[in-house]
Amino acid sequence: MYNYKTTVSEGENANSFNNNLIELMEFIVSTHHSFVRNALQKILNYSNQVELNNLIDKPNELNGLIEHLFQDMHNHMEKEERILFPLIKYLVETEKFGERPKTRNYGTVRNPIRQMLSEHETALEIIKKIRNVLTKARNDKTNNDPLALLFPLISEFETDLQKHIHLENDILFPRIIELENKLLHT
Ligand SMILES: [Fe+2]
Ligand SMILES: [Fe+2]
């Protein structure tokens, strides 16, 4: 388990969204999901450069990890945007209209959340492996300018992902589980 909370800035906490889960989801999609899409494309293009591959003993390993991260993150965000976030919106609206959720359509919100939590862990693991490959290459070589450019891209990506995961794991997901419980048991 990674301690992703340590790098999360003070501004992005529960109070910023005043308990408004719809606004929080919109913020996640417009800020973090769009950052992930742009940053990963940049990282992928960069990692395919010939000069960079010449600097690394196992370029296929690095490219494989980056492609894996790219695919996993895209699939993950698609699932959030098409399945989980609309379900969260449904539960929030159900509360607003004083209704009881029709859970026979989806079971419980805990199921997709469990899947998302596991995918967050996997993404952080892949980033750690990428960092290890880059650190090793940097130690082995003296002339490593292209690596010096890839490092900050990966670090920036990791920092943003930690904030993104904090908002989902520690705010959005526990609050919607709490709301679903309340709606089903009152
Ligand atoms: Fe997300
Ligand atoms: Fe997520």
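For the structure itself, consult the block above.
Quick notes on the rules
- Throughout, residues of each chain are indexed from 1 in the direction in which the sequence is written.
- Here the convention is simple: chains get letters from A, ligands get numbers from 1, in the order in which they are written.
- Predicted model: local features are reported for residues with pLDDT of at least 70 only, side-chain atom pairs are reported and counted for 80 or more only, and whole-chain, interface and lining totals are derived from all residues.
- Computation of side-chain values covers all heavy atoms of the structure but excludes hydrogens and water.
- Each helix is a run of H or I in the DSSP string that is no shorter than four residues. Each strand is a run of E no shorter than two, and both are numbered from the N terminus.
- Pairs of residues are marked as contacts when any of their non-hydrogen atoms sit within 4.5 Å.
- Only the protein chains shown count as cover for residues, with accessible areas throughout obtained via the Shrake-Rupley method and a probe of 1.4 Å.
- Donor selection uses N, O and S atoms within 2.8 Å of the metal (3.2 Å for Na, K and Ca). Since no water is included, sites may look incomplete.
- When four donors show all angles between 85 and 135 degrees the site is tetrahedral, when four or six donors have opposite pairs over 155 degrees and all other angles between 65 and 115 it is square planar or octahedral respectively, and in every other case it is irregular.
- Per-residue accessibility, obtained with a 1.4 Å probe over protein chains only, is compared with the maximum for each type, and a residue is labelled buried under 20%, exposed over 50%, and partly exposed between these values.
- For this analysis, a salt bridge means a side-chain nitrogen from Lys or Arg found within 4 Å of a carboxyl oxygen belonging to Asp or Glu.
- Between the first and last residue of a helix there are one fewer steps than residues, each counted as 1.5 Å, and that sum is the expected span.
- Bending is quantified residue by residue as the angle between axes fitted to the seven-residue window ending at that residue and the seven-residue window starting at it.
- Under the rule applied, a polar contact is a pair of N or O atoms within 3.5 Å (in protein, one hydrogen donor and one hydrogen acceptor; residues adjacent in sequence only if both atoms are side-chain atoms).
- Centres within 6.5 Å make a pair out of two Phe, Tyr or Trp rings, where for Trp the six-membered ring is used; the pair is then stacked when the planes are under 30 degrees apart, edge-to-face when over 60, and tilted otherwise.
- In these notes, a set of buried Ala, Val, Leu, Ile, Met, Phe, Trp, Tyr and Cys residues joined through side-chain atoms within 4.5 Å is what counts as a nonpolar core.
- We score Asp and Glu as negative and Lys and Arg as positive, and we do not count His or the chain ends.

What am I meant to see in the overall build of the chain here?
Within the chain, the secondary structure is distributed over five helices and zero strands. Going from N to C terminus, the chain has its helices and strands arranged as α-α-α-α-α. Taking the contacts inside the chain whose residues are at least 6 apart along the sequence as the reference set, 82% of them involve residues at least 24 apart. Summing over all exposed atoms, the chain offers an accessible surface of approximately 10,100 Å²; the carbon and sulfur share of this is 49%.

Is there a simple way to think about the coordination of the iron ion (ligand 2) in this case?
Each pair of donors in an ideal four-coordinate tetrahedral metal site encloses 109.5 degrees, whereas pairs in an ideal six-coordinate octahedral site enclose 90 or 180 degrees. For the iron ion (ligand 2), the full set of protein donor atoms is His76 (NE2), Glu80 (OE), His120 (NE2) and Glu168 (OE), and the range of their distances to it is 2.0 to 2.2 Å. Around the iron ion (ligand 2), the four donor atoms are arranged such that angles at the metal cover 86 to 173 degrees; this shape is classified as irregular. Mapping the donors of the iron ion (ligand 2) onto the primary sequence yields the spacing H-x3-E-x39-H-x47-E. The metal-metal distance between the iron ion (ligand 2) and the iron ion (ligand 1) is 3.2 Å, with glutamate 80 coordinating both. Here the residue histidine 120 occupies a position in helix α4 (residues 110–140), and glutamate 168 occupies one in helix α5 (residues 145–184), the gap between them amounting to 48 residues. The exposure class of histidine 120 is buried, given its relative accessible area of 4%.

Help me understand the pattern of salt bridges in this model?
In total, this model carries seven salt bridges according to the counting rule given. Close ionic contact of arginine 37 with glutamate 81 constitutes a salt bridge, the shortest N to O distance being 3.1 Å. Taken together, the residues span a long stretch of sequence, with arginine 37 in helix α1 (residues 21–47) and glutamate 81 in helix α3 (residues 59–96) at a distance of 44 residues. Between glutamate 158 and arginine 131 there is a salt bridge whose closest N-O contact spans 2.8 Å. Of this pair, glutamate 158 sits in helix α5 while arginine 131 sits in helix α4, placing them 27 residues apart in sequence. A residue is classified by how much of its surface remains accessible, and arginine 131, at 28% relative accessible area, is partly exposed. Here the salt bridges do not stand alone but share partners, grouping Arg37, Glu78, Glu81 and Arg82 into one network.

Would you mind going over α1 with me for this structure?
Note: α-helices contain 3.6 residues per turn, so residues at a spacing of three or four share the same orientation. An ideal rise of 1.5 Å per residue puts 39 Å on 27 residues; α1 measures up with 36 Å between its terminal C-alpha atoms. At valine 29, α1 shows its maximal kink, close to 30 degrees. Residue asparagine 20 occupies the N-cap position of α1, its side-chain oxygen lying 3.1 Å from the main-chain nitrogen of isoleucine 22.

Explanation requested: the coordination of the iron ion (ligand 1) in the structure shown.
Coordination of the iron ion (ligand 1) by the protein is provided by His33 (NE2), Glu80 (OE), His164 (NE2) and Glu168 (OE), with metal-donor distances spanning 2.0 to 2.2 Å. Of note, the donors binding the iron ion (ligand 1) are all from one chain and are spaced H-x46-E-x83-H-x3-E.

I would appreciate a short explanation of the packing of aromatic side chains in the present structure.
Aromatic ring pairs are described here by two measures, namely the spacing of the ring centres and the angle between the planes. Applying the stated rule across the entire model yields two aromatic pairs. Centroid distance phenylalanine 35 to phenylalanine 157: 6.5 Å. Interplanar angle 25 degrees. Geometry classified as stacked. One end of the pair, phenylalanine 35, is in helix α1; the other, phenylalanine 157, is in helix α5, with 122 residues separating them in the sequence. Take phenylalanine 35: its relative accessible area is 22%, and that puts it in the partly exposed class. Ring geometry for tyrosine 90 and tyrosine 106: centres 6.4 Å apart, planes at 80 degrees, overall edge-to-face. With tyrosine 90 in helix α3 and tyrosine 106 in the loop between α3 and α4, this residue pair connects regions lying 16 residues apart in the sequence.

Even after reading the chapter, I still don't get the nonpolar core, so can you show me in this structure?
Across soluble globular proteins, nonpolar side chains have a tendency to be buried as a group. The biggest cluster of nonpolar side chains holds 30 residues, and the ones touching the most others in it are Leu69, Met73, Ile130, Leu134 and Phe157. Residues within four places of methionine 73 in sequence aside, it is in contact with Val36, Leu40, Ala123, Phe157 and Leu161. Counting residues in hydrophobic clusters, the runner-up holds 23 residues, among them Ile22, Ile28, Leu84 and Leu87.

Teacher, can you tell me more about the side chain of glutamate 180 here?
As for its position among the elements, glutamate 180 is in helix α5. Among buried charged residues, glutamate 180 stands out as having no salt bridge; its nearest opposite-charge side chain is arginine 110, 4.8 Å away. If we ignore the near neighbours within four places in the chain, the residues touching glutamate 180 are Leu91, Tyr106, Gly107, Thr108, Val109 and Arg110.

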